[in-house]
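Observations on the model geometry
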Amino acid sequence: MNLHLRYLFLVIFISSCGIMHNVPSSQTPNSFVKPNIVNSFVDQNGNFYPDNWRKNYGNPPRNGKKDEYSLMKIATERGITDKLTGFEGNKLKELKEKVKSKKRVFILVHGFNAANAQVNESYSYIQKLIKTNTQDDEIIRFYWDGLSTSNPFGGAKVWFTATSFSQMAGEFGLRRILNAISNKDVYIISHSRGASVVLSALSTPPFNEKFAQETKEIHNVDVDGSKTLLENGNRITCIMLAPAVGLVDFKSKDLHNGDDSFRSFSPQVKKIHITINNTDNTLKKFVGFLSDKLNPTDLGYRDNVYNELIKHYDFFEKTDFSGMKSHEFNRYIRNSKFKTMLKENSISLK
C-alpha cells in the first residue's frame, strides 16, 4: 500500500466519529413562510421530511452511516410508505399552486459538511442582497443531507458519503421541485457540492453500481425510478460558487457500464455560470493526491475541466475568484465578484 493511500485510510479512521446526518431542527421543515419563502428539506435519498417527522422516524444515529437511517427505509419497515409519499405529493401540489402566478423563482442550494446555522446565515444574506418583490418572486431554501462534522479530520469521510447523497437529493428532491414549476425564470444559486445536487436535478447522474444496489436493497429506493425533468418551459440559470464537481459529473448515467459520452441537458438550461478559484484550499485538497480516490472537484479549481466542457456545451460562463483561499459559502457570497455575477445574470441588487 502506497503512502498516500495509507494516509487516506488513516484520515478516514480518525474521522469516523462525530459525523452527523443533516436533519431539520423544525418539525415542519417543508413549509411556506409568508410572504414568499419556501423551505424544502430532503433526506439522504431525496425524500421530503414530513410534518412532525421525529415522532414517526426518530433521530438518526450519531455516526452518519448511510445504511442505518432514511425516511423511506423506516417508512417501509413501519408500513407507512403511502403516508410519506402522500405528504410529498400534496406538498408539491401546494408548491405548484404557490408559484403559479410568479415570474421568477430563486432556489438556494448549500454544499456538503454544512451545518444548518451556517446555511441559514448564507441564505439570509442572499435574500437581503437580491432585489425581489412578493408579487413576482419566490425564494426556495433547499436543504439536503450533506452530513456535518466539527472534527478537523472529518472532511474526507463526509465527502465520501455526501457525494452520492448530493446526487440523490438532486434527482429525487430538487428535480421534483423543478417539475412543479412552469414558465418561470428560475435562478439556482449553489455552493460547493450543491453543484452536484443541481446537475443531478437537471440530468440523471452516473451512480456507482454498488451504491445503487445498496440503496434499493436497504432503503427501498431505486436510483432509476425517478421521473425525468419535465419540459415545462422554464428558463434556468445556474450560478455555481466553488463547484465541487468534475468532468465525471457531466458523463452519461451509464458511465459505469462503459458509456463515456457526455450527458444531455434540457433546452431550459440557459446558462451555467461558475467560479474558478485556484487558491481555494478545500478544492485544492480534493484535486491533489486524493483526486483518484474521491470524486473530483476540478471544475471549481482550475480551467482545464471548464475548457473541456465548453467544447460540448454552449451555456457555460466563468468568473475567476483566484486569490481567495476560503471555501466557505459565506465568503464566496460576500466577495464583490458575486455581486457582479448576479448583475451579469440580470439579477438586480437592493
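Calculation notes
- Each chain carries its own residue numbering, running from 1 in the written order of its sequence.
- A pLDDT threshold of at least 70 governs which residues receive local features in this predicted model, and a stricter bar of 80 or more applies before side-chain atom pairs are shown or counted, although totals over entire chains, interfaces and linings include all residues.
- Heavy atoms from the whole structure form the basis of all side-chain values; hydrogens and water molecules are not counted.
- Stacked, tilted and edge-to-face pairs are distinguished by plane angle, under 30 degrees for stacked and over 60 for edge-to-face with tilted covering the rest, among Phe, Tyr and Trp rings (Trp via its six-membered ring) whose centres lie within 6.5 Å.
- The helix and strand labels rest on DSSP assignments: H or I over at least four residues marks a helix, E over at least two residues marks a strand, and numbering proceeds from the N terminus.
- Relative accessibility thresholds used throughout: buried, under 20% of the residue-type maximum; exposed, over 50%; partly exposed, between the two (1.4 Å probe, protein chains only).
- Here, nonpolar core means buried Ala, Val, Leu, Ile, Met, Phe, Trp, Tyr and Cys residues that are tied together by side-chain atoms lying within 4.5 Å of each other.
- The criterion used for residue contact is that any of the two residues' heavy atoms lie within 4.5 Å.
- One side-chain nitrogen of Lys or Arg within 4 Å of one carboxyl oxygen of Asp or Glu is enough to make a salt bridge.
- Axis angles are defined between N-to-C directions and span 0 to 180 degrees, where every axis is a line fitted to C-alpha atoms and, for a helix, only to the segment in contact.
- The scheme is simple: roughly parallel for angles under 35 degrees, roughly antiparallel for over 145, roughly perpendicular for 65 to 115, oblique for anything else.
- Helix crossings get a hand from a simple test, with the near helix turned counterclockwise from the far one by less than a right angle marking a left-handed crossing and a clockwise turn marking a right-handed one.
- The nonpolar class holds Ala, Val, Leu, Ile, Met, Phe, Trp, Tyr, Cys and Pro. Asp, Glu, Lys and Arg form the charged class, and all remaining residues, Gly among them, are polar.
- DSSP-based pairing: two strands are paired if at least 2 bridges between them are found.
- Polar contacts, as used here, are pairs of N or O atoms within 3.5 Å; protein pairs need one atom able to donate a hydrogen and one able to accept it. Residues neighboring in sequence count only if both atoms are side-chain atoms.

**Here's the deal with the packing of aromatic side chains**
Given two aromatic rings, their pairing is described by the distance between the two centres and the angle made by the two planes. One pass over the full model with this rule turns up 18 aromatic pairs. Judged by centre distance (5.8 Å) and plane angle (85 degrees), the rings of Phe265 and Phe315 are edge-to-face. Of this pair, Phe265 sits in the loop between β8 (235-241) and β9 (269-276) while Phe315 sits in the loop between α10 (303-309) and β10 (316-320), placing them 50 residues apart in sequence. Considered together, Phe265 and Phe315 belong to a single accessibility category, that of buried residues. The interplanar angle of 20 degrees and the centroid separation of 5.1 Å between the aromatic rings of Tyr313 and Phe315 together place this pair among those described as stacked. Using a relative accessible area of 8% as the deciding quantity, one classes Tyr313 as buried.

**Quick notes on the nonpolar core**
In terms of nonpolar packing, the biggest core is built from 99 residues, with Ile107, Phe142 and Phe338 touching the most fellow members. Looking at this core, the element that brings in the most residues is helix α6 (residues 155-179), giving 10 residues. Apart from residues lying up to four places away in sequence, Phe338 is in contact with Ile126, Leu129, Ile189, Ile239, Leu241, Phe321, Tyr332 and Ile333.

**A short note on unusual backbone geometry**
Both trends apply: most residues other than glycine have a negative phi, and most peptide bonds are in trans. The linkage connecting Lys34 with the following residue, Pro35, adopts the cis geometry, with an omega of 5 degrees. For Pro35, the position within the fold is in the loop between β2 (31-33) and β3 (37-41). You will see that Asn52, though not glycine, has its phi angle at about 55 degrees, which is positive. Position of Asn52 relative to the elements: it lies in the loop between β3 and α2 (53-57). Positive phi, normally seen in glycine, also occurs at Ala242, with a value near 50 degrees. When you line up the elements, Ala242 lands in the loop between β8 and β9. Take Ala242: its relative accessible area is 0%, and that puts it in the buried class.

**A word on the pattern of salt bridges**
If the charged atoms of two oppositely charged side chains come close together, the side chains can form a pair. Under the defined criterion, the tally for this structure stands at 17 salt bridges. A salt bridge links Glu138 to Lys102; the shortest N-O distance between them is 2.4 Å. Of this pair, Glu138 sits in strand β5 (residues 137-143) while Lys102 sits in the loop between α4 (81-98) and β4 (104-109), and the two are 36 residues apart along the sequence. Of the two residues, Glu138 and Lys102, both sit in the buried class.

**Topic: the packing of helix α5 (residues 116-129) against helix α12 (residues 336-344)**
Packing of α5 against α12 brings their axes to within 12 Å, and their N-to-C directions diverge by 55 degrees. With respect to α12, the element α5 is oriented oblique. Both α5 and α12 take part in a crossing whose hand is right-handed. Across the interface between the two elements, Tyr125, Ile126 and Leu129 of α5 pack against Phe338, Lys339 and Leu342 of α12. Classifying every residue of the contact of α5 with α12 by side-chain character gives 5 nonpolar, no polar and 1 charged.

**Some words on the sheet that holds β5**
The strand order β2-β3-β5-β4-β7-β8-β9-β10 describes an open sheet built from 8 strands, whose pairing is mixed. Sheet topology places β2 and β10 at the edges, where each strand pairs with a single neighbour. Strand after strand, the sheet turns through a mean of 20 degrees between neighbouring axes, direction not considered. Note that strand β7 (residues 185-191) and β8 share 7 bridges and pair parallel. Note on β8: the bridge partner recorded for Ser190 is Met240. Contacting β3, β4, β5 and β7, α5 crosses the sheet at an angle of about 165 degrees to β5.

**Description of the side chain of Ser192**
Within the fold, Ser192 resides in the loop between β7 and α7 (194-202). A polar contact is formed between the side chain of Ser192 and the side chain of His327, at a distance of 2.8 Å. Setting aside residues no more than four positions away along its own chain, Ser192 makes contact with Gly111, Phe112, Leu241, Ala242, Pro243, Ala244 and His327.

**Remarks on the pairing of β3**
Burial of β3 is extensive: 5 of the 5 residues sit out of reach of the surface. Residue alternation in β3 divides its side chains into two sets, Ile37, Asn39 and Phe41 and Val38 and Ser40, and both sets are buried. As defined by bridge partners, β2 adjoins β3 across 3 bridges and the pair is classed as antiparallel. In the sheet register, Ser31 faces β3, and the bridge partner there is Asn39. Where β2 hands over to β3, the hairpin turn is made up of 3 residues, counted between the paired strands. Across 5 bridges, β3 lies against β5 in parallel orientation. In the sheet register, Asn39 faces β5, and the bridge partner there is Arg141.

**Let's talk about helix α3 (residues 71-78)**
Among the residues of α3, Leu71, Met72, Lys73, Ile74 and Ala75 are the ones counted as buried. Taken from the residues just after α3, Gly79 is the one with a positive phi, measuring 70 degrees.

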